[in-house]
Amino acid sequence: MDQDTLKASVAKAAIEYIDVYLQSDAIVGVGTGSTANFFIDSLAEVKQRFMGAVASSDATEERLKAHGIPVYDLNSVDELAVYVDGADEVNESLELIKGGGGALTREKIVASVAKNFVCIVDTTKCVTTLGSFPLPIEVIAMARSAVARRLVGLGGQPVYRENFVTDNGNVILDVHGLAIDAAKEFEQTFNSLVGTVTNGLFALRPADVLLVGTSEGVQEKTASN
């Protein structure tokens, strides 16, 4: 079973999982990336059942609108019952690395206000220790070199993501060579670097539920601790 088939299967499973939240006044938080795109396509099939969505990126907003799903600014929304998004890596505690697509800051904002965070991945994204996937860090452009030097001092190998600007007008450093066995502490440390907007660790606010697409079907997981 190829990766796209797994992504499509877990996206459909996510629609079933969030069924309880799909009410006439409900607004759904929607993530960014290839798996989230499959979720958006499936969400369009039940768009008459809920009010609309909050998008975590310009690309997600465009895809939602293309399906006729109303998109709301987060500032106009009192509450998000659920946020659904993918991940680049996830461990057994449902801590994540996100930001391969560059939308980490807005994804983290939307996740922070949602009562429930449902992460959807295919089985290749599940790891024991985070860090094989380079950790994205969004930084203000003038601070890029300064932050990079600090990251080297912390044991990372930052690489500037060339020819890429986030929806917020910032740049990204992808940090290689990390073995993140204390994700909450890593997240706090990296966020404390002056010039950093945020980093792609979702450990202080991890997923509540993980749905994993496998060749044997979709598995539901909760944090191991």
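Residues numbered from 1 in each chain as written. Predicted model: local features only at pLDDT ≥ 70, side-chain atom pairs only at ≥ 80, totals over all residues. Heavy atoms only, no water.

Trainee: Could you clarify how one ought to interpret the overall build of the protein chain in this entry?
Mentor: A tally of helices and strands in the protein chain yields six helices and 13 strands. Taken against the 2.2 N^0.38 rule, which gives 17 Å for 225 residues, the C-alpha radius of gyration of the protein chain at 17 Å falls within 12% of a compact globule. By its C-alpha atoms, the protein chain is 50 × 40 × 30 Å across when sized along the principal axes. In the protein chain, which comprises 225 residues, the share counted as buried stands at 49%. For the protein chain, the proportion of contacts with a sequence separation of at least 24, taken over those separated by at least 6, is 74%. Per element, the accessible surface of the protein chain, about 10200 Å² overall, is 48% carbon and sulfur. (Helix = DSSP H or I, 4+ residues; strand = E, 2+ residues; numbered from the N terminus. Rg over C-alpha atoms; globule rule 2.2 N^0.38 Å. Buried < 20%, exposed > 50% of the residue type's maximum accessible area, 1.4 Å probe, protein only. Contact = heavy atoms within 4.5 Å. Areas by Shrake-Rupley, 256 points an atom, 1.4 Å probe, with all protein chains shown as cover.)

Trainee: In this structure, what is going on with the sheet that holds strand S2 (residues 52–55)? I would like to understand it.
Mentor: Picture the strands of a sheet paired through backbone hydrogen bonds; they go either parallel or antiparallel. Read from one edge to the other, the open sheet built from six strands follows the order S2-S1-S3-S6-S12-S13, with strand pairing classed as mixed. Looking at strand neighbours, the two that pair on one side only are S2 and strand S13 (217–221), the edges of this open sheet. For this sheet the average axis-to-axis angle between neighbouring strands, irrespective of direction, equals 25°. With three bridges joining them, strand S1 (residues 27–30) and strand S3 (residues 80–85) adopt parallel strand pairing. Bridge assignment links Val30 to a residue of S3, and that residue is Val84. In this fold helix H1 (residues 3–17) packs onto S3, strand S6 (114–122), strand S12 (209–214) and S13, with an angle of close to 140° to the strand it touches most, S12. (Pairing = 2+ DSSP bridges. Axes fitted to C-alpha atoms, helices over the stretch in contact; angles between N-to-C directions.)

Trainee: Would you explain the packing of aromatic side chains in this entry?
Mentor: Here the distance between the centres and the angle between the planes together describe a pair of aromatic rings. For the coordinates displayed, the defined rule picks out three aromatic pairs. Within the aromatic cluster, the residues linked to one another by ring pairs are Tyr83, Phe117 and Phe202. Positioned above the aromatic ring of Phe202 is the side chain of Lys108, whose terminal nitrogen or guanidinium carbon lies 5.2 Å from the ring centre. In this arrangement the basic side chain of Arg144 is found over the ring face of Tyr160, its NZ or CZ atom lying 4.1 Å from the centre. (Phe/Tyr/Trp six-rings, centres within 6.5 Å; stacked < 30°, edge-to-face > 60°. Lys NZ or Arg CZ within 6 Å of the ring centre and 35° of its normal.)

Trainee: Help me out: how do you make sense of the pattern of salt bridges in this one?
Mentor: Two side chains of opposite charge can pair, provided their charged atoms sit close to one another. Per the counting criterion, the structure on display carries 13 salt bridges. As a salt-bridge pair, Lys98 and Asp85 come within 2.7 Å of each other at their nearest N and O atoms. Placement of the pair is Lys98 in the loop between strand S5 (96–97) and helix H4 (104–113) and Asp85 in strand S3, with a sequence separation of 13 residues. Like Asp85, Lys98 is buried. Of the charged contacts, one joins Asp122 and Lys125 as a salt bridge, the two residues approaching to 3.9 Å between their closest N and O atoms. Overall, Asp122 belongs to the buried group, its relative accessible area being 0%. (Salt bridge = Lys/Arg side-chain N within 4 Å of Asp/Glu carboxyl O.)

Trainee: Where do I start with the sheet that holds strand S10 (residues 196–199) in this structure?
Mentor: Taken together, four strands build an open sheet; the order of strands is S8-S9-S7-S10 and the sheet is antiparallel. On the outer flanks of this sheet lie strand S8 (157–160) and S10, each paired with one strand and no other. The average undirected angle you get between the axes of adjacent strands in this sheet is 30°. Across three bridges, strand S7 (residues 135–139) lies against S10 in antiparallel orientation. Across the sheet, residue Glu138 finds its bridge partner in S10, namely Thr198. The sheet contacts of helix H5 (residues 144–153) involve S7, S8, strand S9 (171–176) and S10, and relative to S9 the element is tilted by about 15°.

Function cannot be read off these values alone, since they describe shape.
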